[in-house]
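If you want the building blocks of each chain, they are given just below.
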There are 2 protein chains.
Amino acid sequence: MSIKIGIVGYGNLARGVETSLHLQKDMELVAIFSRRSGITSVSGVPVYGMDELLTFKGKIDVMILCGGSATDLMEQTPMVAKHFNCIDSFDTHAKIPEHFANVDKVAKANGHTAIISCGWDPGMFSLNRVYAESILPQGTSYTFWGRGVSQGHSDAIRRIDGVLDARQYTCPKENLLDEIRHGQTPTVDAYTGHTRECYVVASDGADKQKIEQSIKTMKNYFVGYETTVHFISQEELDTHHKGIPHGGFVLRSGETKKGTRHVIEYSLTLDSNPEFTGAVLVAYSRGLYRLANHGGKGAYTVFDIAPAWLSPHSAEELRAHSL
Amino acid sequence: MSIKIGIVGYGNLARGVETSLHLQKDMELVAIFSRRSGITSVSGVPVYGMDELLTFKGKIDVMILCGGSATDLMEQTPMVAKHFNCIDSFDTHAKIPEHFANVDKVAKANGHTAIISCGWDPGMFSLNRVYAESILPQGTSYTFWGRGVSQGHSDAIRRIDGVLDARQYTCPKENLLDEIRHGQTPTVDAYTGHTRECYVVASDGADKQKIEQSIKTMKNYFVGYETTVHFISQEELDTHHKGIPHGGFVLRSGETKKGTRHVIEYSLTLDSNPEFTGAVLVAYSRGLYRLANHGGKGAYTVFDIAPAWLSPHSAEELRAHSL
């Protein structure tokens, strides 16, 4: 019997989830729900309006929420948790405790199970921070993002006068990564740990110097970062910068005793940010389904799910082949 | 109230556990048990004979077994699980199912909880294989070990006529790591993935060519590997090769759809193999303690322990600061 999955929302992340579900033999995509009407899915699975969600009560084991953190999930996840087991990738770090409390309350009251903030950061990166800090309590943790596309920064550049299109990459400073790998513990924050590379298509006759200046002095986005701006043609951008790659590094450098150092590193190199996030959501949907079957009620995070529950293989198989 | 820990066996690994326990504020080392008599511990904690083990029933929450996999643990862990919750780092991969069954039976019959095969491989590397394969079911997994000291191979060299001392390092082939990181999926096994570096102190007048030949033709140890032999002085070996560093890499390269590739990498660079293994055992002892308090009975592995249980921090703290 396969795990029946529904998807709420149908943007890039949802299509990533849809793609990943094909690779999991014990799961079946039953329905997609969207606010937009008249759309069809890549896989041919029917797309329903949000108003039809409740007609699927009892027919879907796990609902995967693929809306945005800024606008959708704080309302959607509690709403869906009232009627279904569900999982989201809510990533507004500062609001996680509030979102958790909201979802937990509704899920518990209605006997459902939910996982929030599941992806790669928050998600796999968070897990690796907790594992590494638990093993090496005396040490320094680092998180670097990239090289990857920041959608928010790309959008911000596109709003500048004279800019037709733009792509911004966040890049970790390789020299810092190397220092940490070799046992040094530099002081690093988001600003000093990363550079920002901008690829910009300017309109004919636009003042490129002014555009570059506008980018570099943009508060909350570029001020404080080492930023480089490259003007390229639309063709070049379309050919070389249309993907949405991302990734990053979580490192923990710690000592068990003075002079005895250990470095733990976890890294991701992703051709597609939404497809990988989707793949994580799908694996955790299996964990969520099992947790629900074991009587778990309320909200959970990646920290609460035993790794074995993510795998399609039995405990015996895992011990024999993966341990 | 702190978690009361006992250590069984007092070699390198046990001293690694002892060192790590100092860094965990919620844990307390109560006693060490050894077959050897008249020894004292680094931390001053009393060392008792194995015959006194049972006098500590009810006084120790988790017993950490630090004996060897080849000779001790298959007997010791079931014996100790009869009377205590316990954890070991059993690493004879082929015998894990048998060892698990033995420990599970005794632990269940006596109402105790046990974790077996907990360290970095088996242990953290196993975990990372399961996480990565669950997220990317379509792909290729790789495990590389090193650069690190292989005690077994060093011992084997020392048994050759004319050899006074020796140290053998297992080294991953960097070019293969780079290929995998860049999206290639070469076919790799233990032989083709690693080289073996030997540092040998020969006695005066020994036939070095013959020693080198003996090493390179040693079955089950060096045949099939790219092996290099360096003859050095005892002083040089004592100065540069007395540590027991180790580490390695677990990689998963997988596609979510054709042409969309993701690479997940986990790596360890360890100044001291036994100290890091000890640190992992200590973190999982906390998980074991909580599992026991939640009514878990029988044998478990790292696959069964939710990450949150390894951390001294509460679920709220983890969500607020690590997610």
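Residues numbered from 1 in each chain as written. Chains lettered and ligands numbered in written order. Predicted model: local features only at pLDDT ≥ 70, side-chain atom pairs only at ≥ 80, totals over all residues. Heavy atoms only, no water.

Colleague: Mind showing me how you'd approach unusual backbone geometry here?
Modeller: What is expected of a backbone is that most residues other than glycine have negative phi and most peptide bonds are trans. All names here are of chain A. The linkage connecting Asp121 with the following residue, Pro122, adopts the cis geometry, with an omega of 5°. Secondary-structure assignment places Pro122 in the loop between strand S6 (113–115) and helix H4 (124–135). For the bond running from Gly146 to Arg147, omega is 0°, close enough to zero to count as cis. Inspection of the secondary structure assignment puts Arg147 in the loop between strand S7 (139–145) and strand S8 (148–149). (Helix = DSSP H or I, 4+ residues; strand = E, 2+ residues; numbered from the N terminus.)

Colleague: In this structure, what is going on with the side chain of Ser311 of chain B? I would like to understand it.
Modeller: By the element assignment, Ser311 of chain B lies in the loop between strand S14 (298–300) and helix H11 (315–321). Taking the relative accessible area as the measure of exposure, Ser311 of chain B reaches 2% and is therefore buried. When sequence neighbours within four positions are dropped, the list of residues in contact with Ser311 of chain B reads Val130 and Ser134 of chain A together with Arg286, Arg290 and Leu318 of chain B. (Buried < 20%, exposed > 50% of the residue type's maximum accessible area, 1.4 Å probe, protein only. Contact = heavy atoms within 4.5 Å.)

Colleague: Mind showing me how you'd approach the relation of the copies chain A and chain B here?
Modeller: Between the two copies of the chain lies a relationship made up of a rotation around an axis and a movement along it. Rotating chain A by 180° about the axis while translating it 0.0 Å along that axis superimposes it on chain B, leaving an RMSD of 0.1 Å. Expressed as a symmetry operation, the mapping of one chain copy onto the other fits a two-fold axis. Most of the interface of chain A is mirrored in chain B, where 100% of its interface residues again form contacts. (Least-squares fit on C-alpha atoms with pLDDT ≥ 70 in both.)

Colleague: Before we go on, may I ask you to explain the domain arrangement of chain A in this structure?
Modeller: In many analyses, interface size is given as the accessible surface area lost on bringing the parts together. Partitioning chain A into structural domains gives domain 1 (3–120 + 274–322) and domain 2 (153–180 + 192–241). When each unit is reduced to the centre of its C-alpha atoms, the spacing between domain 1 of chain A and domain 2 of chain A is 34 Å. (Domains from an automatic or database assignment.)

Colleague: How do you make sense of the sheet that holds strand S9 (residues 163–172) of chain B when you look at a structure like this?
Modeller: Across a sheet, paired strands are connected by hydrogen bonds in the backbone, their directions being either parallel or antiparallel. All names here are of chain B. Read from one edge to the other, the open sheet built from 4 strands follows the order S8-S9-S10-S11, with strand pairing classed as mixed. A single partner strand is all that each edge strand has here, and the edge strands are strand S8 (148–149) and strand S11 (226–231). One ladder, built from 6 bridges, connects strand S10 (residues 194–202) with S11; its direction is parallel. Bridge assignment links Val200 to a residue of S11, and that residue is Phe231. Sheet strands in contact with helix H8 (residues 208–216) are S9, S10 and S11, and its direction is about 150° off that of S11. (Pairing = 2+ DSSP bridges. Axes fitted to C-alpha atoms, helices over the stretch in contact; angles between N-to-C directions.)

Colleague: Hey, could you run me through the packing of helix H10 (residues 273–293) of chain A against helix H4 (residues 124–135) of chain B in this one?
Modeller: For any two helices packed against each other, the geometry is given by the interaxial angle and the distance between the axes. Viewed as axis vectors pointing N to C, H10 of chain A and H4 of chain B meet at an angle of 110°, and their least axial separation amounts to 8 Å. By the angle class used here, H10 of chain A and H4 of chain B are roughly perpendicular. Across the interface between the two elements, Phe276, Ala279, Val280, Ala283 and Tyr284 of chain A from H10 of chain A touch Tyr131, Ser134 and Ile135 of chain B from H4 of chain B. (Parallel < 35°, antiparallel > 145°, perpendicular 65-115°, else oblique.)

Colleague: Just checking my understanding: could you explain the side chain of His241 of chain A for this structure?
Modeller: The residue His241 of chain A is located in the loop between helix H9 (234–240) and strand S12 (246–257) in this model. Polar side-chain contacts of His241 of chain A include one of 2.7 Å to the side chain of Tyr169 of chain A. (Polar contact = N/O pair within 3.5 Å; in protein donor to acceptor, adjacent residues only side chain to side chain.)

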